[in-house]
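Now for the letters of each chain:
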Amino acid sequence: MEQHKNGEVVVITGGTAGVGRAVARRFAVAGASVAVIARGKDRLDATLAELQALGVRALALQADVADAAAVEAAAERVEKELGPIDIWVNNAMTSVFSPVWEMKPEEYARVTQVTYLGFVHGALAALRRMRPRDRGTIVLVGSALAYRGIPLQSAYCASKHAIQGFMDSLRSELLHVGSRVHVCMVNLPAVNTPQFAWVKSRLPNKAQPVPPIYQPEVPAEAIYRAAHSRRREWLIGWPTYRAIWGNYIAPGFADRVLAKMGFSSQQGGQAEDPGRPDNLWSPPPGDYGCHGSFDALAHDRSPLLWLSRFRARIGLGLLGAASALALAMGRRRRAAR
């Protein structure tokens, strides 16, 4: 794993658990100064200690990304204490597992405020600083569900769809004014994160990610790569490609498949405790780290991510091989005449 001792300053929302925690570690290992923004003090303290143990400058800032003023204040503190922000990773999210007809209006509002508007607030705070300097990268952590909604997660899916539309608009506007600020989206598959232990749920059994499942370090590596490239979008794992392209080709068929399988595949075999704490309105106490409870089922690498990283070289290699084959076949035909 290469080191980038370049003094870059990185902000990660939702950076104290799951994918966000893994992203914070990945940038710290590369030598970046890292600021994480989250609500839970226990996880903020644990993440700060972990980052400092890796020998980098770090900040742990307590804020709710649904509060635009709090996000702006956090960005201001980062620039005062760590320096100009080079990379802003929007990752914070929340969800509710529930049929639509059992959802409450305030739950839709809350998921939207965190999972969609939290990204908008982060992007605005970053743009206020990056545009005058004409440099910087904003990474939006998306999902296959930004393109294909699934049962039982309507609020989350709608928010991820909104993020995808927001990215398209923002990219077009930045291109229009000739800005060198870069925005990209990294779309994730199912990931083994602790969110399934604290997500608000009305399901009879405990929620689970839909297999195949990936460890948080897989998308963390993709997010790190995306932050240092100029590509507009990254798709992580075969399930993400399958969901997005399958929905383009046959959305009605996908509706029926998900109607049949989408309920059972998101639940495990253990009954849910309807009285357990959830993180919709406030964070549960404790430090949950990166991984959830699905280590035995999760993959720690994605061959498609490797292929995606080197797609230009692979494409040139295939083009060269095809050209050489065509040349050889042409010579053979001429020799046979």
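Everything here concerns the structure above.
All figures in this text were calculated on a predicted structure; none of them were measured in a lab.

J.: In this structure, what is going on with the packing of aromatic side chains? I would like to understand it.
T.: What the rule picks out here adds up to 7 aromatic pairs. Seen from their ring centres, Tyr116 and Phe166 are 6.5 Å apart, and the 80° between their planes marks the pair as edge-to-face. Taken together, the positions of Tyr116 in helix H4 (residues 105–133) and Phe166 in helix H5 (residues 154–176) put the pair 50 residues apart, joining distant regions of the chain. An aromatic cluster of at least three residues, connected via ring pairs, comprises Phe97, Phe196 and Phe294. Geometry around Tyr224 places Arg26 over its ring, the cationic atom sitting 3.8 Å from the centre.

J.: Would you mind showing me how to read the pairing of strand S2 (residues 33–38) here?
T.: Consecutive side chains of a regular strand alternate in pointing toward one face of the sheet and then the other. Most of S2 is tucked away, with 6 of its 6 residues classed as buried. In S2, alternate side chains face the same way, and those of Ser33, Ala35 and Ile37 on one face and Val34, Val36 and Ala38 on the other are all buried. In the classification by handedness, the crossover that spans strand S1 (residues 9–13), the intervening helix H1 (residues 18–29) and the parallel S2 is right-handed.

J.: Would you take a moment to explain the sheet that holds strand S6 (residues 137–143) for this structure?
T.: In a beta sheet, neighbouring strands are held together by backbone hydrogen bonds and run either parallel or antiparallel to one another. Read from one edge to the other, the open sheet built from 7 strands follows the order S3-S2-S1-S4-S6-S7-S12, with strand pairing classed as parallel. Two strands close off the open sheet at either side, each with one partner strand: strand S3 (58–62) and strand S12 (233–235). Ignoring which end each strand starts from, the neighbouring axes of this sheet average 15° apart. With 3 bridges connecting them, strand S7 (residues 182–188) and S12 associate as parallel partners. Within the sheet, the bridge partner assigned to Met185 lies in S12 and is Glu233. H1 rests against S1, S2, strand S4 (87–90) and S7 of the sheet, and its axis sits at about 170° to S1. In this fold helix H7 (residues 217–227) packs onto S4, S6, S7 and S12, with an angle of close to 165° to the strand it touches most, S7.

J.: Got a minute to help me understand the pattern of salt bridges in this structure?
T.: Pairs can form between side chains of opposite charge whenever their charged atoms are close. The tally for this structure, following the rule as stated, stands at 21 salt bridges. Note that Arg129 is salt-bridged to Glu76, the shortest N-O span being 2.9 Å. Taken together, the residues Arg129 in helix H4 and Glu76 in helix H3 (residues 68–81) connect sequence positions 53 residues apart. What makes Glu76 partly exposed here is its relative accessible area of 36%.

Calculation rules
Residues numbered from 1 in each chain as written. Predicted model: local features only at pLDDT ≥ 70, side-chain atom pairs only at ≥ 80, totals over all residues. Heavy atoms only, no water. Phe/Tyr/Trp six-rings, centres within 6.5 Å; stacked < 30°, edge-to-face > 60°. Helix = DSSP H or I, 4+ residues; strand = E, 2+ residues; numbered from the N terminus. Lys NZ or Arg CZ within 6 Å of the ring centre and 35° of its normal. Buried < 20%, exposed > 50% of the residue type's maximum accessible area, 1.4 Å probe, protein only. Right-handed = clockwise from strand over helix to strand, strands pointing away. Pairing = 2+ DSSP bridges. Axes fitted to C-alpha atoms, helices over the stretch in contact; angles between N-to-C directions. Contact = heavy atoms within 4.5 Å. Salt bridge = Lys/Arg side-chain N within 4 Å of Asp/Glu carboxyl O.

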